[in-house]
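Structure at a glance
Chain residues, written in single-letter form:
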Amino acid sequence: MSDKSVPAPRRNKRPDVEFTPVNNGLDYLDSAVRCLEGPEPPNAYDLKYAVLHLQAATEVLLKVRLAKEHWSLVFADPGKASLQAYNKGEFNSCTVEEALKRLEEVASVKLLEDGKAAIGKLQKIRNALTHFGHVENAYAVEAQAAAVLDFLLEFIHLHLKSEPGVYETMDRLRLRLAGIQRYVRDRMNKLSGVLTPLVGRTVWCNECGQWAVVVGESNVTCRFCLYEYGEEPEAAALEYKWMRHYPDDFIVTCKGCGSLSILKCRVASDKDRECLLCFACGDRYVRTGETVVIPS
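1. Some points on the packing of aromatic side chains
A full pass over the atoms with the stated rule returns 11 aromatic pairs. On the numbers, 4.9 Å between centres and 50° between planes, the contact of Tyr45 with Tyr49 is tilted. One end of the pair is Tyr45 and the other is Tyr49, both in helix H2 (residues 44–69) and 4 residues apart, which spans about a single turn. On the basis of relative accessible area, Tyr45 is assigned to the exposed category, the value being 55%. Relative to Phe155, the ring of Phe151 lies with its centre 5.7 Å away and its plane at 20°, an arrangement referred to as stacked. You can see Phe151 and its partner Phe155 sitting in helix H6 (residues 138–159), 4 residues apart, about one turn around the helix. Residue Phe151 shares its accessibility class with Phe155, and that shared class is buried. In textbook terms, an aromatic cluster arises when at least three aromatic residues are bridged by ring pairs, as seen for Trp71, Phe75, Tyr86 and Phe91. In this structure, Arg187 packs its charged tip against the face of Phe224, placed 5.9 Å from the ring centre.

2. Comments concerning the pattern of salt bridges
All chains considered together, the criterion is met by 18 salt bridges. Taking the shortest distance from any N to any O, the salt bridge between Arg266 and Glu274 comes out at 3.9 Å. Taking the relative accessible area as the measure of exposure, Glu274 reaches 36% and is therefore partly exposed. Through salt bridges with shared partners, a single network forms among Asp30, Arg34, Glu37 and Arg176.

3. A closer look at the packing of helix H1 (residues 21–36) against H2
When two helices pack together, their arrangement is given by the angle between their axes and by how far apart the axes lie. For the pair H1 and H2, interaxial distance at closest approach is 8 Å and the crossing angle is 155°. On the basis of the axis angle, H1 is roughly antiparallel to H2. Crossing of H1 against H2: the hand is left-handed. Within the contact between the two elements, H1 uses Pro21, Val22, Asn24, Gly25, Leu26, Tyr28, Leu29, Ser31, Ala32, Cys35 and Leu36 and H2 uses Asp46, Leu47, Tyr49, Ala50, His53, Leu54, Ala56, Ala57, Val60, Leu61 and Val64. Looking at the contact of H1 with H2 residue by residue, the classes come out as 17 nonpolar, 4 polar and 1 charged.

4. Looking at helix H7 (residues 166–177)
Here H7 contains 12 residues, and its C-alpha end-to-end distance of 16 Å stays within 8% of the 16 Å for a straight helix at 1.5 Å per residue. Residues of H7 that are buried sit in contact with H1, H6 and helix H8 (181–195).

5. Looking at the pairing of strand E7 (residues 270–278)
In the sheet, strand E6 (residues 262–267) pairs with E7 via 5 bridges, with the strands oriented antiparallel. In the strand pairing of E7, Val267 is matched with Asp270.

6. Remarks on the side chain of Arg187
Inspection of the secondary structure puts Arg187 in helix H8. There is a polar contact of 3.1 Å between the side chain of Arg187 and the side chain of Glu154. Of the polar contacts made by the side chain of Arg187, one reaches the backbone oxygen of Phe224; its length is 2.5 Å. With near-sequence residues (within four places) excluded, Arg187 lies in contact with Asp150, Leu153, Glu154, Arg223, Phe224 and Leu226.

7. Description of the environment of Arg102
Here Arg102 is to be found in helix H4 (residues 96–105). With residues up to four places along the chain from it excluded, the contact list for Arg102 reads Leu66, Leu73, Val74, Phe75, Ala76, Pro78, Cys94 and Ala107. Side-chain polar atoms of Arg102 contact the backbone oxygen of Ala76, separated by 3.1 Å.

8. A word on the packing of H1 against H7
Where H1 contacts H7, the two axes come as close as 11 Å, and the packing angle between them is 10°. When the axis of H1 is compared with that of H7, the two are roughly parallel. In this structure, H1 uses Val22, Leu26, Leu29, Asp30, Val33 and Arg34 to contact H7, whose residues at the interface are Val166, Thr169, Met170, Leu173 and Arg176. Here the contact of H1 with H7 is built from residues that sort into 7 nonpolar, 1 polar and 3 charged.

9. Notes on H4
If you check which residues of H4 are buried, you get Val96, Ala99, Leu100, Arg102 and Leu103. One side of H4 holds all its buried residues, which, seen down the axis, span an arc of 165°. Looking at the buried residues of H4, the elements they touch are H2, helix H5 (113–131) and H6.

Rules behind the numbers
Residues numbered from 1 in each chain as written. Predicted model: local features only at pLDDT ≥ 70, side-chain atom pairs only at ≥ 80, totals over all residues. Heavy atoms only, no water. Phe/Tyr/Trp six-rings, centres within 6.5 Å; stacked < 30°, edge-to-face > 60°. Helix = DSSP H or I, 4+ residues; strand = E, 2+ residues; numbered from the N terminus. Buried < 20%, exposed > 50% of the residue type's maximum accessible area, 1.4 Å probe, protein only. Lys NZ or Arg CZ within 6 Å of the ring centre and 35° of its normal. Salt bridge = Lys/Arg side-chain N within 4 Å of Asp/Glu carboxyl O. Axes fitted to C-alpha atoms, helices over the stretch in contact; angles between N-to-C directions. Parallel < 35°, antiparallel > 145°, perpendicular 65-115°, else oblique. Left-handed = near helix turned anticlockwise from the far one by under 90°. Contact = heavy atoms within 4.5 Å. Nonpolar A, V, L, I, M, F, W, Y, C, P; charged D, E, K, R; others polar. Expected span 1.5 Å × (residues − 1). Pairing = 2+ DSSP bridges. Polar contact = N/O pair within 3.5 Å; in protein donor to acceptor, adjacent residues only side chain to side chain. Arc of directions from axis to C-beta.

Written out as structure tokens, the structure reads:
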């Protein structure tokens, strides 16, 4: 037998397939976002896998939070839970509905009714797609996917952001959220009631590209993508300046509150004109000739 007939050994050993529960959920979420984003609306194939992977992400991430309360809670029957079975992953886990119920009743996690309803609707679409095939209006499917994505973004921010790998993954996802047309429209519509009275101190977000960063609060956060610029206003102003590549002299002391957190920027109520905005108290200064005034 010639040497050519003997298969050459692999140069590198194939790695084991290994995902922690939280990384597994985030991987599904990342895949769903890739299916939904783009300059064109998602096609039927994209929507199918967006639904399947969003549902998988939801189930895994809900149970990650449940396991933080106690590992036995992810079992279908916690009374028969075994740590050995849990560590091996050899058990029947609870349903999504039961996970939501246990999060509220056992872990005291507050969940909005709209979010739970969206998960229920998406699960029905997912089950139909998986087991029977399904005919559904594309706009309706996209809307349900956007609603669940909205729920997951908030849920991760509130309950899982300290888990290993979450910060890095969410950083990547925030940059791509603006590419999901339905999601952007629905989330901004949802936020409009909150943001409209605050347009005079709302600035553009460097992470997601939406006019949704409200300053003048203790923790300056984008209301759209939930990126946190800093718990302290001065730190938030420095972070915003750094992300915008502003020179050092762009940040000055506020005459009103004395905080070193005034930046030259534009606000949602006057996007075409630069002003001086205090990230600490929200005072806005506009230059009129040689005079700097705070608009009423």
